[in-house]
Amino acid sequence: MPRSLTLAAVACVSLARPPRVLACATCSTGDPTLTAMGAEQPFQNRMRVSMELRQRVDTIGQGTGELRLSEQRLDLQMAWAPHERLFLMATVPTLHREVEYAGAFKRKSWGIGDVELRAKAFIYRDKAFAPRHLVGALAGVKLPTAPLERNSAGDLLPIEVQSGTGSVDPMLGLSYGFFAFPWSTYASAQVVIPTKGTNGFRASRSLLTTVALQRHLGEQVAVRLAADTRLDGKSIENDAEAGDSGGFIAFASPELLYSPVTDFTISVYARISVLNRLEGRHVEPYVVGGAVAYDF
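Parameters and conventions
The residue count restarts for each chain, going from 1 along the sequence in the order it is written. Two thresholds apply to this predicted model, a pLDDT of at least 70 for residue-level local features and 80 or more for giving and counting side-chain atom pairs, whereas whole-chain, interface and lining totals are computed over all residues. As a convention, hydrogens and water are excluded, and side-chain values are obtained from all of the structure's heavy atoms. Elements are defined by DSSP. Helices are runs of H or I of four residues or more, strands are runs of E of two residues or more, and each kind is numbered from the N terminus. Burial status follows relative accessibility: with a 1.4 Å probe on protein chains alone, a residue under 20% of its type maximum counts as buried, one over 50% as exposed, and anything between as partly exposed. Contacts are residue-level and defined by heavy atoms, with any inter-residue pair within 4.5 Å sufficient. Counted as positive: Lys and Arg. Counted as negative: Asp and Glu, with His and the chain ends omitted from the count. Every charge is mapped to an atom, namely NZ of Lys, CZ of Arg, CG of Asp or CD of Glu. In what follows, salt bridge is the name for a side-chain nitrogen of Lys or Arg lying within 4 Å of a carboxyl oxygen of Asp or Glu. We call Phe, Tyr and Trp rings a pair once their centres come within 6.5 Å, taking the six-membered ring for Trp, and we label the pair stacked below 30 degrees between planes, edge-to-face above 60, and tilted otherwise. The pairing criterion for strands is at least two bridges between them, as found by DSSP. Scored from 0 to 100, pLDDT records how confident the predictor is in each individual residue. We define the nonpolar core as a collection of buried residues of types Ala, Val, Leu, Ile, Met, Phe, Trp, Tyr and Cys that are connected through side-chain atoms lying within 4.5 Å of one another.

The next point concerns the overall build of the protein. Check the secondary structure of the protein and you find two helices and 16 strands. By the burial criterion, 41% of the 296 residues in the protein qualify as buried. Across the protein, the fraction of contacts at a sequence separation of at least 24, relative to all contacts at a separation of at least 6, is 58%. Each charge class in the protein can be summarised by its mean position, and for the 31 positive and 29 negative side chains these summaries are 6 Å apart.

So, in structure tokens, the structure goes:
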């Protein structure tokens, strides 16, 4: 074959073979389900970033020992999948806290909170592409990255005002996801085991669970209803168990997810206390928040 014909044949073959392209998250997972951060399906080199803002209030104790907390928290989160069966996640929080003591005086603080690092390994998936069943194992740690808050005299402010606990807190958990568009479900259980931190304070050891059902109302909108629970042990403060700590609380958590453009998701949610069996005088009526997430 003449040299010119050989080169022409090679050129035709090269043009006929499509180049490698980066697909959207929906294309790469094979499922168009919108997902909250942490409940997504993996594929190799998936990278997702999000920003979440939430507000909560908390009342602990009564009479002269009553404490009222108002907190606004901004979480910057990133998740990366170096492998189709592994997600690595990091959360960097910024907190603004206002604490009122027995209606007499207030303390405010603002700063970076404790960074959380997590790894989620998918130990079972029923098929490689567009799996319907996903089981994951989670391991993580909360690090004492928050700066200590002090008064003008250099004394540490109370632990309630601090942006972090000053402790290294391991966490372990399991998750399950089921995807059958337009329906999906998600369930998880996680144990958090705080260690001693600032001034010997040790936060409650906790078991956190979530069960959620989601329904798409079209390709761009989905509604999600979850039940979130928390079972706490006693926290330790001043070398003794804190009386207004421990117990069980459950929240009903409606959420709306909207994707105006490919790979960009907006969500708003509320967590409303429906069963409070926390010990002592401890009221956590609600959490409200919103988030944006983008897939690269």
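In this chain, Phe-181 is followed by Pro-182 through a cis amide linkage whose omega measures 15°. Positioned with a positive phi, Asn-238 is a non-glycine residue whose angle comes to about 55°. Phi is positive for Asp-263, which is not a glycine, with a value near 75°. Of note, Asp-263 is situated in the loop between β13 (247-261) and β14 (264-278).

Where charged atoms of side chains with opposite charge meet at close range, the side chains can pair. One pass over the full model with this rule turns up 21 salt bridges. Here Asp-75 ties to Arg-73 by a salt bridge, and the two come within 2.8 Å at their closest N and O atoms. One exposure class covers both Asp-75 and Arg-73, and it is buried. Measuring nitrogen to oxygen at the nearest pair gives 2.9 Å for the salt bridge that ties Glu-279 to Lys-234. With Glu-279 in the loop between β14 and β15 (282-283) and Lys-234 in the loop between β10 (221-232) and β11 (236-237), the pair connects residues that are 45 residues apart, well separated along the chain. When salt bridges that share partners are traced, they join Glu-40, Arg-46, Arg-48 and Asp-295 into one network.

Okay, the packing of aromatic side chains next. Under the criterion given, the structure shown has three aromatic pairs. Their ring planes at 20° and their centres at 5.0 Å tell us that Tyr-101 and Phe-105 sit as a pair that is stacked. Its relative accessible area of 14% is what places Tyr-101 among the buried residues. By relative accessible area, Phe-105 is classed as partly exposed at 44%.

Our focus in this paragraph is the pairing of strand β7 (residues 169-180). In the case of a regular strand, side chains alternate between the two sheet surfaces. As defined by bridge partners, strand β6 (residues 133-142) adjoins β7 across 10 bridges and the pair is classed as antiparallel. When the sheet's bridge partners are listed, Ala-139 is paired in β7 with Leu-172. Where β7 hands over to strand β8 (residues 183-192), the hairpin turn is made up of two residues, counted between the paired strands.

Confidence in the prediction of the protein, expressed as mean pLDDT, is 89, and 92% of residues score 70 or more. A low-confidence stretch, residues 1-21 stays under pLDDT 50, and its non-local contacts, those more than four residues away or across chains, total one contact.

Time to look at the nonpolar core. The biggest cluster of nonpolar side chains holds eight residues, and these are Ala-79, Ala-81, Phe-87, Met-89, Phe-122, Leu-134, Leu-138 and Phe-179. Listed by contribution, the elements that provide at least two residues to this core are β2 (67-83), β3 (86-101) and β6. Each residue touching Ala-81, except ones within four places of it in the same chain, is listed here: Phe-43, Gln-44, Asn-45, Arg-46, Leu-86 and Phe-87. Core analysis: the next-biggest nonpolar cluster, separate from the first, contains six residues, Leu-67, Leu-69, Leu-157 and Val-161 among them.

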